[in-house]
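# An overview of the molecular structure
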Amino acid sequence: MKLISSTEIEKRTFELLKKLNTHFNNDVFKISCGNITGEYNRYLCELFKENAEIAEKKGLPLCQDTGFVEFFVELGTSVVLEEPIDKTLNRAVSKTYSTLPFRTSMVNPPIGESANTKDNTPAFVHIEQRDGQDLVITAHVKGGGSENLSALWMLLPTTSVEEIIELVTKHIQARGGQSCPPLHVGVGIGGSADTAVLLAKKALTIKLGKRNDDPAIARLERTLVSRLNELKIGVQGFGEGPSVLDVHILTLPRHIAVLPIALAVDCFLCRVGRISL
Amino acid sequence: MREVTRILPPYSLESFKNLHAGEHVLLCGHVLVMRDQAQKKLFDMKEKGENLPIDLSNTVVFYAGPAKPIPTMPAGAIGPTTSKRMDKYLEFLYLQGVLATIGKGDRSEYVKELNKRYRRVYFVTPSGVAALLASCVVKSDILAFEELGPEAIRLIEVRDLPLFVWIDASGQVFRNAVNR
């Protein structure tokens, strides 16, 4: 058995959330600005660099939308905690967003007379058990503009792969410009309605450039990257540079009658990070 | 894009109507910051025949909700939110005298027609560069709806806020964006 203290989890999570909001992801810069294709692209990349420097120096967030926080927790069966993990993680979120110059964007009740919860809680926590004595916490700081591009389709089980490519491409063509491209696209295929959405979200926590272990899925990822880049949405929608940073797909077996396809989209900041305890 | 147009106050229809889609602009002067809930509130007040708490005539509206400020700066991180969500209030804003809006992303088809009819302009400003844009803000005050927190209406004063004309006053959309 391994006891992990709540204080330690809270401290490490606070540091992670601070970093995700204030440090520009270098992989993103390489993809967005590694091959400048026009004058708008060049100008925007200069702004990205300058912004990263100011954010770092002053402790300001890279984006005013410091998001809602989603956690994916891998909890080893030999790990002993002092309290339910979501309590600890929500305390870390509360501390981060109450003490740092971030924006608190969560309101409750969700309809009617909504009021700001003032500390950006609640965070959304997904827990999966694992063998062993590790606790791995993946945090995703997710902006509202990209979240609005999420989609779930319950397709006919006879739908072809080409039709799925068409569907995803049409969706990004119609809506991609309203988020902050180049986008990271997550696709969940199979499972049930709820698990497909979760797969799509988890796909956004996969490192840019990494390919699926299944060669057929890896091929589909590559096809989608090239099809979506052909849309020429470009960096910030200016038609120059890549439209997507990457596409990641996760799958689950499905019932013979159903074929759920879920789509999740992340803005170009890709504020995803991991801690192991 | 190589040429930059600087727009100085006071703003009038003349300040914006000759700009072309794709043009790079640096804006100086006062900008009203308001987004979803504040616009809904203003719209509902007008519908009920109530007086609005702020004067919108000859103003520029920035669709944004800033982060908290740090002590050494007048304003916190600030940047555009998705403009399309507020399309349904755009004509209302134009009728109240708003001359231009600033946000991010494409808008509904009918916005082209509205811009043409009222000779108004829609700008985009880069997203995800909110620390940089915060350094363009020299002053920030809450004007109304303080209870909305980040969504309260603010009046900010900006110096060289970088903008791009996305839909101009003749209804033309930035060329690179139309190709898709």
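Residues numbered from 1 in each chain as written. Chains lettered and ligands numbered in written order. Predicted model: local features only at pLDDT ≥ 70, side-chain atom pairs only at ≥ 80, totals over all residues. Heavy atoms only, no water.

All right, on to the sheet that holds strand β9 (residues 183-190) of chain A then. All names here are of chain A. Strands sit in the order β8-β11-β9-β10 across an open sheet of four strands; the sheet is mixed. Sheet topology places β8 (151-155) and β10 (244-252) at the edges, where each strand pairs with a single neighbour. Pairwise comparison of adjacent strand axes, ignoring direction, gives a mean angle of 15 degrees for this sheet. Pairing of β8 with strand β11 (residues 259-266) involves five bridges; the strand directions are antiparallel. Pairing of Met154 across the sheet is with Pro260, part of β11. Each of β8, β9, β10 and β11 is contacted by helix α7 (residues 193-203), which is oriented at about 150 degrees to β9, the strand it contacts most. (Pairing = 2+ DSSP bridges. Helix = DSSP H or I, 4+ residues; strand = E, 2+ residues; numbered from the N terminus. Axes fitted to C-alpha atoms, helices over the stretch in contact; angles between N-to-C directions. Contact = heavy atoms within 4.5 Å.)

Taken together, the contacts link 40 residues of chain B with 42 residues of chain A. Summed over both partners, the interface of chain B with chain A comes to about 3300 Å²; 59% of that surface belongs to carbon and sulfur atoms. For the interface between chain B and chain A, the tally reads zero salt bridges. Elements represented by at least two residues in the side of chain B that touches chain A include exactly α5 (130-134), β7 (153-167) and α6 (175-178) of chain B. (Buried area = accessible area lost by both parts, 1.4 Å probe. Salt bridge = Lys/Arg side-chain N within 4 Å of Asp/Glu carboxyl O.)

Below, the discussion takes up the side chain of Gln236(A). Residue placement: Gln236(A) occurs in the loop between α8 (215-229) and β10. Look at Gln236(A) and you get buried, because its relative accessible area is 11%. A polar contact is formed between the side chain of Gln236(A) and the backbone oxygen of Ser127(B), at a distance of 2.8 Å. (Buried < 20%, exposed > 50% of the residue type's maximum accessible area, 1.4 Å probe, protein only. Polar contact = N/O pair within 3.5 Å; in protein donor to acceptor, adjacent residues only side chain to side chain.)

Once that is clear, we can look at helix α2 (residues 36-47) of chain B. Residues and elements named next belong to chain B. In a regular helix each residue adds 1.5 Å, so twelve residues correspond to 16 Å; α2 covers 17 Å between its end C-alpha atoms and thus fits that length. When α2 is considered as a whole, its buried residues turn out to be Asp36, Ala38, Gln39, Leu42 and Met45. Check the buried side of α2 and you find it contacts β3 (59-62), α3 (90-95) and β7. One or two residues past the end of α2 sits Gly49, with phi positive at roughly 80 degrees. (Expected span 1.5 Å × (residues − 1).)

Now for the sheet that holds strand β6 (residues 124-130) of chain A. What holds strands together in a sheet is hydrogen bonding between their backbones, with the strands either parallel or antiparallel. All names here are of chain A. As summarised here, the arrangement of the four strands in space is β6-β2-β7-β12, forming an open sheet in which the pairing is mixed. Lying at the two open borders of the sheet, with one neighbouring strand each, are β6 and β12 (271-276). The sheet shows a mean angle of 15 degrees between the axes of neighbouring strands, direction not considered. In this sheet, β12 lies alongside strand β7 (residues 135-142) in antiparallel orientation, the contact comprising six bridges. Residue Val141 lies in a different strand from β12, and its bridge partner there is Arg271. Relative to β12, helix α1 (residues 6-22) is tilted by about 155 degrees, and along the sheet it contacts β2 (68-76), β7 and β12. Packed on one face of the sheet, helix α4 (residues 85-99) meets β2, β6 and β7 and runs near 145 degrees to β2.

Residues and elements named next belong to chain A. Domain boundaries assigned for chain A yield domain 1 (2-20 + 62-142) and domain 2 (144-269). Centre-to-centre, using C-alpha coordinates, domain 1 lies 25 Å away from domain 2. Facing the eleven residues of domain 1 at the interface are twelve residues of domain 2. Taking both partners together, domain 1 and domain 2 bury about 940 Å²; carbon and sulfur atoms supply 60% of that area. Broken down residue by residue, the surface that domain 1 buries against domain 2 is led by Phe72, His140 and Lys142, which jointly contribute 52%. The interface formed by domain 1 and domain 2 contains three salt bridges. Residue Glu128 pairs with Lys202 through a salt bridge whose shortest N-O separation is 2.5 Å. For the pair domain 1 and domain 2, the number of links is seven residue pairs in polar contact (both at pLDDT 80 or more). Sorting the residues of the side of domain 1 that touches domain 2 by element identifies β2, β6 and β7 as the ones contributing at least two each. A class-by-class count of the residues in the side of domain 1 that touches domain 2 yields four nonpolar, three polar and four charged. (Domains from an automatic or database assignment. Nonpolar A, V, L, I, M, F, W, Y, C, P; charged D, E, K, R; others polar.)

For the rest of this paragraph, the subject is the confidence of the model for chain B. The predicted model of chain B averages 95 in pLDDT, with 96% of residues at 70 or higher. This complex was scored by the predictor with a pTM of 0.96 and an ipTM of 0.94. (pLDDT = per-residue confidence, 0-100.)

Take unusual backbone geometry next. Trans is the prevailing form of peptide bonds, just as negative phi is the prevailing case for residues other than glycine. Cis rather than trans, the peptide bond between Pro181(A) and Pro182(A) has omega equal to 5 degrees. Tracing the backbone shows Pro182(A) in the loop between α6 (161-175) and β9. Residue Pro10(B) is reached from Pro9(B) by a cis peptide bond, and omega for that bond is -5 degrees. Looking at the secondary structure, you find Pro10(B) in the loop between β1 (4-7) and α1 (13-16). Phi angles above zero are rare outside glycine, and Phe145(B) is one such case at about 55 degrees. Take Phe145(B): it is sitting in the loop between β6 (137-144) and β7. When its relative accessible area of 14% is taken as the criterion, Phe145(B) is described as buried. You will see that Asp160(B), though not glycine, has its phi angle at about 55 degrees, which is positive. Take Asp160(B): it is sitting in strand β7.

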